[in-house]
Amino acid sequence: MPDAPPSPPLSPLATYIAHLKRGELGYQFSPSLGKAVFYPRVVAPVTGEADLEWRVSKGVGTVHATTVVHPQQGEPYNVCLVDVDEGFRMMSRVEDIAPRDVKIGMRVKFRVFTPDGDEDPYPVFTPAEGA
């Protein structure tokens, strides 16, 4: 009886979500570029090489840009760009602080937010003390 074919690898998004479900901020690194790559993808930008390696961030970064969203219904909330220490930038939000108190240059740390229902978890940040 022949062996079963190997399982196909998870998509980059599925791998990223699997990291989040483990409480990790996964990202890719490209040796051909010599730097981190984010958002998850199949080939490296610029080089087009399929040399992307998964790594786990320490989850600490600096707010690069921030704004406050005032929805028609509900409370205002923060949306920001975070420069993660491993060398990539991502959009997220900072929690546990008033949205208007989030400042450019603020050090933040990652945590996973798991919504109710069947939605996938996603990364958010909180103010980092001593980071």
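Residues numbered from 1 in each chain as written. Predicted model: local features only at pLDDT ≥ 70, side-chain atom pairs only at ≥ 80, totals over all residues. Heavy atoms only, no water.

A. Quick peek at the sheet that holds strand β5 (residues 77-84). Reading across the sheet, the five strands line up as β6-β5-β4-β7-β8 and stay open at both edges, with antiparallel pairing between neighbours. Edge positions in the open sheet fall to β6 (88-92) and β8 (122-127), since each of these has one partner strand only. Looking at each pair of strands side by side, their axes are set apart by 40 degrees on average, direction ignored. As defined by bridge partners, strand β4 (residues 60-69) adjoins β5 across eight bridges and the pair is classed as antiparallel. If you follow Thr66 over to β5, its bridge partner there is Cys80. Lying over the sheet, helix α1 (residues 12-21) contacts β6, β7 (107-113) and β8, oriented at roughly 45 degrees with respect to β8. (Pairing = 2+ DSSP bridges. Helix = DSSP H or I, 4+ residues; strand = E, 2+ residues; numbered from the N terminus. Axes fitted to C-alpha atoms, helices over the stretch in contact; angles between N-to-C directions. Contact = heavy atoms within 4.5 Å.)

B. A look at the side chain of Thr15. Note on placement: Thr15 falls in helix α1. Not counting residues up to four positions away in its chain, the partners in contact with Thr15 are Leu10 and Trp54.

C. Fine view of the pattern of salt bridges. Enumeration over the complete set of coordinates arrives at eight salt bridges. Across the salt bridge formed by Asp85 and Arg107, the nearest N and O atoms sit 2.8 Å from each other. Pair noted here: Asp85 is in the loop between β5 and β6 and Arg107 is in strand β7, with a separation of 22 residues, a long-range link. Under the relative-accessibility criterion, Asp85 is labelled partly exposed at 46%. Accessibility expressed as a relative area gives 25% for Arg107, which makes it partly exposed. Salt bridges here are not isolated pairs; linked through shared partners, they connect Arg93, Glu95, Asp96 and Arg111. (Salt bridge = Lys/Arg side-chain N within 4 Å of Asp/Glu carboxyl O. Buried < 20%, exposed > 50% of the residue type's maximum accessible area, 1.4 Å probe, protein only.)

Note that every value here comes from positions in space, so none of it alone points to a role or purpose.
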